[in-house]
Amino acid sequence: REAIRRRVDPEDLHDLRVAIRRLRVALRLCNQAWPDPRSAARVRELFRLSARLGPIRDSQVWLQFLEQAPVGRRCRRDRGWQPYIRAIRQETAGKVTRLRRILSGPEWTGPASRLTRHLRVDLAALAEKKARVPFRSLGAQKARQILRQIYREPTPGSRSPAEFHELRRLCRRGRYVVEALAPVSGSAVRELARILRA
């Protein structure tokens, strides 16, 4: 968040969105062990925030692609190219301004303060009150479920672009669960994370 407020680098927003996705996975795992409406509400808030940031990230990536030298060489003879690239730069700059406003205002501070309280107070109280669940078994159950979904799907070449995108999202979710497990589960789980990433 601080890097985004200081400079314009699409990787900063990418890193923030990845961190939000990882946190949502972790909260879902906790909610499996200790179901609680507050956990579900925090996951929904993080999803809404990430959904607001997605189109801004898309604009940054598109502008980055258009500003590559090979693209410029191919397009610069077209009379519409310069007005188009100027319009895209202006639109992206406006979205970056909106991004900084989001990360400095109530859209960020409200969910952040509720999430902080949830992690420090609510989850600790739930863990104290309800039966303890070994994290390893909890995560393994979720990882098995996602892996079954991945390998139940048809082969990548036989699916539409939308289905292929959904498969990538499924692999990413599986990797985040497996990476969360890795510190307590050894080298086989780290290897599975590597395979899912590939």
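So, how was this worked out
- Residues numbered from 1 in each chain as written.
- Predicted model: local features only at pLDDT ≥ 70, side-chain atom pairs only at ≥ 80, totals over all residues.
- Heavy atoms only, no water.
- Axes fitted to C-alpha atoms, helices over the stretch in contact; angles between N-to-C directions.
- Helix = DSSP H or I, 4+ residues; strand = E, 2+ residues; numbered from the N terminus.
- Parallel < 35°, antiparallel > 145°, perpendicular 65-115°, else oblique.
- Left-handed = near helix turned anticlockwise from the far one by under 90°.
- Contact = heavy atoms within 4.5 Å.
- Core = buried A, V, L, I, M, F, W, Y, C linked by side-chain atoms within 4.5 Å.
- Buried < 20%, exposed > 50% of the residue type's maximum accessible area, 1.4 Å probe, protein only.
- Phe/Tyr/Trp six-rings, centres within 6.5 Å; stacked < 30°, edge-to-face > 60°.
- Expected span 1.5 Å × (residues − 1).
- Bend = angle between axes of the 7 residues up to and from the residue.
- Patch = residues over 30% accessible without salt bridge, like charges linked within 9 Å, V, L, I, M, F, W, Y side chains within 5 Å.
- Areas by Shrake-Rupley, 256 points an atom, 1.4 Å probe, with all protein chains shown as cover.
- Salt bridge = Lys/Arg side-chain N within 4 Å of Asp/Glu carboxyl O.
- Lys, Arg positive; Asp, Glu negative; His and termini not counted.

## Quick notes on the packing of helix H8 (residues 161-185) against helix H9 (residues 187-197)
Piece 1. At a minimum axis separation of 8 Å, H8 and H9 run at an interaxial angle of 160°. Judged by the inter-axis angle, H8 sits roughly antiparallel to H9. Where H8 crosses over H9, the two elements pack in a sense that is left-handed. Together, Cys171, Gly174, Arg175, Val178, Glu179, Leu181, Ala182 and Ser185 of H8 and Ser187, Val189, Arg190, Leu192, Ala193, Leu196 and Arg197 of H9 make up the contact between the two elements.

## Focus on the nonpolar core
Piece 1. One finds Leu13, Leu16, Leu53, Leu99 and Leu103 to be the most contacted residues of the largest nonpolar core, which totals 20 residues.
Piece 2. Those elements giving two or more residues to this core turn out to be helix H2 (10-33), helix H3 (37-66), helix H5 (81-104) and helix H6 (106-129).
Piece 3. Every residue in contact with Leu103, bar those within four places of it in the chain, is listed here: Arg1, Ile4, Arg5, Leu16 and Trp108.
Piece 4. If you look at the next biggest cluster of nonpolar residues, it comprises 16 residues, including Leu167, Cys171, Val178 and Leu196.

## Remarks on the packing of aromatic side chains
Piece 1. One pass over the full model with this rule turns up 2 aromatic pairs.
Piece 2. A ring pair is formed by Trp62 and Phe65, whose centres lie 5.4 Å apart and whose planes are at 20°; its orientation type is stacked. On the criterion of helical spacing, the pair formed by Trp62 and Phe65 is a turn pair, its members being 3 residues apart in helix H3.

## Describing H6
Piece 1. Its 24 residues place the ends of H6 32 Å apart at the C-alpha level, agreeing with the 34 Å of an ideal helix rising 1.5 Å per residue.
Piece 2. When the local axis directions of H6 are compared, the greatest deviation, roughly 45°, occurs at His118.
Piece 3. When we look at burial in H6, the residues that qualify are Trp108, Gly110, Pro111, Leu115, His118, Asp122, Leu123, Leu126 and Ala127.
Piece 4. If you follow the buried residues of H6, they end up packed against H2, H3 and H5.

## Describing the side chain of Asp36
Piece 1. Along the polypeptide, Asp36 turns up in the loop between H2 and H3.
Piece 2. Asp36 sits in the buried class, given a relative accessible area of 11%.

## Points about a nonpolar patch on the surface
Piece 1. Residues Trp62, Phe65 and Tyr84 make up a contiguous nonpolar surface patch of roughly 300 Å² in combined accessible area.
Piece 2. Tracing the chain through its elements places Tyr84 in helix H5.
Piece 3. Take Tyr84: its relative accessible area is 35%, and that puts it in the partly exposed class.

## So, the side chain of Arg24
Piece 1. Looking at where Arg24 falls in the secondary structure, it is placed in helix H2.
Piece 2. No salt bridge is formed by the buried Arg24; the nearest opposite charge belongs to Glu166, separated by 10 Å.
Piece 3. Contact partners of Arg24, with chain neighbours within four places excluded, come to Val43, Leu46, Phe47 and Ser50.

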